[in-house]
Amino acid sequence: MAYGPFSSNKIQIGRETAAAGTPAAATVVWRGPAADIEDTSTIQTVDENVGLLVPTGRTYVPQLSAALSIPDTEATFEHLPHVMEAGIGTVSGVGIVGAYAYTYAPGVEAANTIETYTLQSGNFIAGDANRMEYGFVESFTLSGKVGEAWKVSSNWRGRQKTVAALTGSLSLTALEEILFGNTSVFIDAAAGTIGSTQKAGVLLEASVTVNTGIMPVFTADGALTFTAHKITPPSLDFTLTMELEDDGGGGVVAAERVFLRSQVHRLIRLSATGTGSKALAIDFAGKYTSV
């Protein structure tokens, strides 16, 4: 009997190039802690009285669905775009070869087109393998602190969990971690230009959680799986942990407390650099609920 140790677990993903929900072969091994696709189908119990003191165990499944929560792992310049494509929108790079810029922004007046994925999970040694098609990201979190890399976790939704073999012979992609120590924080007035005013020497930790607003649409169309998705208003929650200091004018934290009380928007950029042309910029407008 062969047992599959936890170290043999893996997650693999592949972009769906045909219609959304058409299963695609995996092209990428997700490099990080693994989790299993969860069957989140609805199970209904029938309420009936048939002269017994015990339930008959009569149940049925009126709706199929699945989910995959990918745990915290080091965020990389190479893998993070998959989360963006499936959670915010699919974009094309702008620039020159070797220095493309990809800008992921929620739709304001019209919904974005997202990239759907087929996700695989399983244990390579034990032969346990499952698949979830029409995968999209419902929420994701980017978090980091001094002395570590940025981390990313993501929650995916898909049509159903089915038994399917893992795509084989996939090589591991070379990755570069996004180091939190290479991050700078900029905070500007709502009427200003984002990324203009750096707050140096204060950033200790940061966390950004995005609820993408993407939801499955279940209709009666001859199948128990969802037939499409819709994009509802997204939301973003952020936390910045900063060192309390005094720069001769009261310090960054004291200044931001003023904007907490006045409840005006602040323009915030978290900018991290890597090697060569690799970089990550997280831009958003937000209000404080506490400082």
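The model shown is predicted, which means the values in this text are computed figures rather than measured ones.

Caption draft 1: The arrangement of the overall build of the chain in detail. In terms of helices and strands, the chain carries two helices and 17 strands. Along the three orthogonal principal directions, the C-alpha set of the chain runs to about 80 × 50 × 40 Å. With 291 residues in all, the chain has 37% of them scored as buried. Within the chain, contacts between residues at least 6 apart in sequence are counted, and of these 69% link residues at least 24 apart. Side chains of the chain carry 18 positive and 28 negative charges; the gap between the two charge centres is 1 Å.

Caption draft 2: Local environment of helix H1 (residues 80–87). The buried count for H1 comes to seven of eight residues, which makes it a mostly enclosed element. Looking only at H1, the buried set comprises Leu80, His82, Val83, Met84, Glu85, Ala86 and Gly87.

Caption draft 3: Spatial organisation of the nonpolar core. Trp150, Trp156, Leu240 and Leu270 are the most contacted members of the largest nonpolar core, which totals 42 residues. Discounting chain neighbours no more than four positions away, the residues touching Trp156 are Ala66, Ala67, Leu68, Ile70, His82, Ala86, Tyr117, Leu119, Met132, Gly135, Phe136 and Val137. Listed in part, the five residues of the second largest apolar core include Ile114, Tyr134, Phe136 and Phe226.

Caption draft 4: Seen up close, the pattern of salt bridges. Tallied over the entire structure, the rule returns eleven salt bridges. Among the salt bridges present, the one from Lys151 reaches Glu74, with a minimum N-O distance of 3.9 Å. Here Lys151 is found in strand S9 (residues 151–158), whereas its partner Glu74 is found in strand S6 (residues 66–74), with 77 residues between them in sequence. Close ionic contact of Lys278 with Glu176 constitutes a salt bridge, the shortest N to O distance being 3.3 Å. Note that Lys278 is positioned in the loop between strand S16 (266–273) and strand S17 (279–286) and Glu176 in the loop between strand S10 (161–163) and strand S11 (183–189), a separation of 102 residues in sequence. By sharing partners, the salt bridges in this structure join Glu74, Lys145, Glu148 and Lys151 into a single network.

Caption draft 5: Focus on the environment of Arg261. Checked against the element boundaries, Arg261 lands in helix H2 (residues 251–262). When the C-alpha positions of Arg261 and Leu119 are compared, they lie 45 Å apart, and in sequence the two are 142 residues distant.

Caption draft 6: Here's a closer look at the pairing of S16. When S11 meets S16, the two strands line up antiparallel, connected through seven bridges. For Phe186, the partnering residue across the bridge sits in S16 and is Arg269. Pairing analysis gives eight bridges linking S16 to S17, with the strands arranged antiparallel. Pairing of Ala272 across the sheet is with Leu280, part of S17. Taken together, S16 and the strand that follows it, S17, pair antiparallel across an intervening segment of five residues, in which Gly276 is found at a positive phi of about 60°.

Caption draft 7: The arrangement of unusual backbone geometry in detail. At Tyr134, a residue that is not glycine, the phi angle is positive and equals roughly 55°. One non-glycine residue, Gln263, lies in positive phi territory at about 55°. As for its placement among the helices and strands, Gln263 is situated in the loop between H2 and S16. Take Gln263: its relative accessible area is 35%, and that puts it in the partly exposed class.

Caption draft 8: Representation of the packing of aromatic side chains in the model. Taken as a whole, this structure holds nine aromatic pairs when the rule is applied. With 4.9 Å between their ring centres and 70° between their planes, Tyr134 and Phe226 make a pair best called edge-to-face. Here Tyr134, found in strand S8 (residues 128–145), pairs with Phe226, found in the loop between strand S13 (214–217) and strand S14 (228–231); they are 92 residues apart in sequence, far enough to count as distant. Comparing Tyr134 with Phe226 shows no difference in burial state: the two are buried. The cationic tip of Arg159 hangs over the ring face of Phe226; the distance from NZ or CZ to the ring centre is 5.9 Å. For the cation-ring pair, Arg266 lies above Phe259, with the distance from its terminal atom to the ring centre recorded as 3.7 Å.

About the cut-offs
Residues numbered from 1 in each chain as written. Predicted model: local features only at pLDDT ≥ 70, side-chain atom pairs only at ≥ 80, totals over all residues. Heavy atoms only, no water. Helix = DSSP H or I, 4+ residues; strand = E, 2+ residues; numbered from the N terminus. Buried < 20%, exposed > 50% of the residue type's maximum accessible area, 1.4 Å probe, protein only. Contact = heavy atoms within 4.5 Å. Lys, Arg positive; Asp, Glu negative; His and termini not counted. Charge placed at Lys NZ, Arg CZ, Asp CG, Glu CD. Core = buried A, V, L, I, M, F, W, Y, C linked by side-chain atoms within 4.5 Å. Salt bridge = Lys/Arg side-chain N within 4 Å of Asp/Glu carboxyl O. Pairing = 2+ DSSP bridges. Phe/Tyr/Trp six-rings, centres within 6.5 Å; stacked < 30°, edge-to-face > 60°. Lys NZ or Arg CZ within 6 Å of the ring centre and 35° of its normal.

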